[in-house]
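Listed below are the residues making up each chain.
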Amino acid sequence: MNWNLHFLGVGAAHAVELGSSSAVLERDGAPLLLIDCGPDTLDRYVAAYGDVPPALFITHTHMDHVGGMERLFFRLWFDEARRGRTRLFVHAALMSWLQARVADYPGVLAEGGVNFWEAFQLIPCHRGFWLDGQWFDVFPTRHHLPQTSFGLALGGSFAYTGDTRPVPEMLARYAAGTELVAHDCGLVGNPSHTGIDDIEREYPQALRGRLRLYHYGSVADGAALAARGYAIAAAGERIALPPPAAPRPDAG
Ligand SMILES: [Zn+2]
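Criteria and thresholds
Counting starts from 1 at the beginning of each chain's written sequence and moves along it residue by residue. Residue-level local features of this predicted model are given only where pLDDT is at least 70; pairs of side-chain atoms are given and counted only at 80 or more, and the full residue set underlies all totals for whole chains, interfaces and linings. Calculation of side-chain values draws on the structure's entire complement of heavy atoms; hydrogens and water are dropped beforehand. What counts as a helix is a DSSP run of H or I of at least four residues, what counts as a strand is a run of E of at least two, and both are numbered from the N terminus. Only protein chains enter the calculation, and the probe is 1.4 Å; a residue is then buried if its accessible area is under 20% of its type maximum, exposed if over 50%, and partly exposed in between. Contacts: residue pairs with any heavy atoms within 4.5 Å of one another. Residue burial considers only the protein chains on display, and all accessible areas are found by Shrake-Rupley using a 1.4 Å probe. Charged residues are defined here as Lys and Arg on the positive side and Asp and Glu on the negative side; His and the ends of the chain fall outside this count. Here a salt bridge means any side-chain nitrogen of Lys or Arg lying within 4 Å of a carboxyl oxygen belonging to Asp or Glu. Under this definition, polar contacts are N or O atom pairs within 3.5 Å; protein pairs additionally need one hydrogen-donor-capable and one acceptor-capable atom, and for neighbouring residues in sequence, both atoms have to be side-chain atoms. A pair of strands is labelled paired if DSSP reports no fewer than 2 bridges between them. Fitting a line to C-alpha atoms yields each axis, with helices limited to the stretch in contact; the angle taken between N-to-C directions then spans 0 to 180 degrees. Coordination here is defined by N, O and S atoms within 2.8 Å of the metal (3.2 Å for Na, K and Ca), and since water is not considered, a site can look incomplete. Sites are called tetrahedral only when four donors show all angles between 85 and 135 degrees, square planar or octahedral only when four or six donors show opposite pairs over 155 degrees and all other angles between 65 and 115, and irregular in any remaining case. Arc definition: directions from the helix axis to the C-beta atoms.

Draft legend 1. Main features of the overall build of the protein chain. For the protein chain, the count of helices and strands is eight helices and 13 strands. Overall, the C-alpha framework of the protein chain stretches about 55 × 40 × 35 Å when taken along its three principal axes. Taken across its 252 residues, the protein chain has 54% of its residues classed as buried. Counting only contacts in the protein chain whose residues sit at least 6 apart along the sequence, the fraction spanning at least 24 positions is 61%. Carbon together with sulfur atoms contributes 55% to the accessible area of the protein chain, which is approximately 10,600 Å² in total.

Have a look at this one:
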């Protein structure tokens, strides 16, 4: 088996030309899991794969990460073969936020008679979840209020931070081996996001060598990060991953 992380978008919220940050985990060339669904993500996904995603994980509920979910609802609901089949993994602490952001608006369909979540197979999670025989760890990150943003890790293979300040304690726990670490990073940090100076202060050299930086502000910012010696991800890029390790004994 071969595993890839396919970045659909790598931009900060205002970096429209880079796409909303999202990625697809591929196994043997087939999409297994989409991470986040911003306003442009579904178009990019369908252009790449010709279908809707089989599974989706949401890191947090800022609109550049969930703004495409209403359109995904319509795609799923009006396709009887797909309706209710896309698994949606959401940390339990995010559910009330996600409900308010995308599912509470009255009249999901003008005709009535439909609940938003009936289009999906909603799977709340806490420590992580199983998907097609693999255990995925879900861990809290640092992006605004506590317990409102979460990263994802597949042991041995990769971690994806979502939007966050540095989380050395989490990466030491969930991505301490061979994992590629896709990490939020711009040229300059702020109270919501990581900057390159934060990376250099917070993370040891061995971890910095496994980083792929995304969620930067522009093409020029990406080039500047690369010029400082860091690997960046580009929109549309597929990055080969190490194969997952066997699930830990305490998984699940
Ligand atoms: Zn955010």
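Draft legend 2. Quick peek at the side chain of aspartate 36. Examined against the element boundaries, aspartate 36 turns out to sit in the loop between β3 (30–35) and α1 (41–49). For the buried residue aspartate 36, which engages in no salt bridge, the nearest side chain bearing the opposite charge is arginine 101, 12 Å off. A polar contact is formed between the side chain of aspartate 36 and the side chain of threonine 59, at a distance of 2.7 Å. A distance of 2.8 Å separates the side chain of aspartate 36 from the side chain of histidine 65, its partner in a polar contact.

Draft legend 3. Focus on the sheet that holds strand β10 (residues 158–160). The strand order across the open sheet formed by six strands is β7-β8-β9-β10-β11-β12, and the pairing between neighbours is mixed. Edge strands, defined here as strands with exactly one partner in the open sheet, are β7 (128–131) and β12 (211–214). Pairs of neighbouring strands in the sheet enclose a mean axial angle of 20°, with direction left out of account. Where strand β11 (residues 180–184) lies against β12, four bridges are found, and the strand directions are parallel. Bridge pairing in β12 links aspartate 184 to tyrosine 214.

Draft legend 4. Here's a closer look at the environment of asparagine 115. By secondary structure assignment, the location of asparagine 115 is in the loop between α4 (95–103) and β6 (121–125). Taking the C-alpha atoms as reference points, asparagine 115 and leucine 241, separated by 126 residues in sequence, lie 38 Å from one another.

Draft legend 5. A look at the coordination of the zinc ion. Those protein atoms acting as donors to the zinc ion are His60 (NE2), His62 (ND1), His143 (NE2) and Asp163 (OD), and they sit at 2.2 to 2.3 Å. Coordination geometry of the zinc ion: the four donor atoms subtend angles of 90 to 167° at the metal centre, consistent with an arrangement described as irregular. Take histidine 143: its relative accessible area is 2%, and that puts it in the buried class.

Draft legend 6. Molecular detail of α1. Buried within α1 we find Thr41, Leu42, Tyr45 and Tyr49. Summarising the axial view, the buried residues of α1 lie within an arc of 90°, below the 170-degree limit, and thus occupy one face. In the core, the buried residues of α1 are packed alongside β1 (3–9), β2 (22–27), β3, α3 (69–77) and β13 (238–241). Positive phi appears at glycine 50, one or two residues downstream of α1, with a value of about 70°.

Draft legend 7. Seen up close, the sheet that holds β1. In space, the seven strands of this open sheet follow the order β6-β5-β4-β3-β2-β1-β13, with mixed pairing throughout. The open sheet is flanked by β6 and β13, the only strands paired with a single partner. Adjacent strand axes in the sheet meet at a mean angle of 25°, parallel and antiparallel pairs treated alike. Pairing analysis gives five bridges linking β2 to β3, with the strands arranged antiparallel. Its bridge partner being in β3, arginine 27 is matched across the sheet by alanine 30. Set on the sheet, α1 makes contact with β1, β2, β3 and β13; between it and β1 the angle comes to about 135°.

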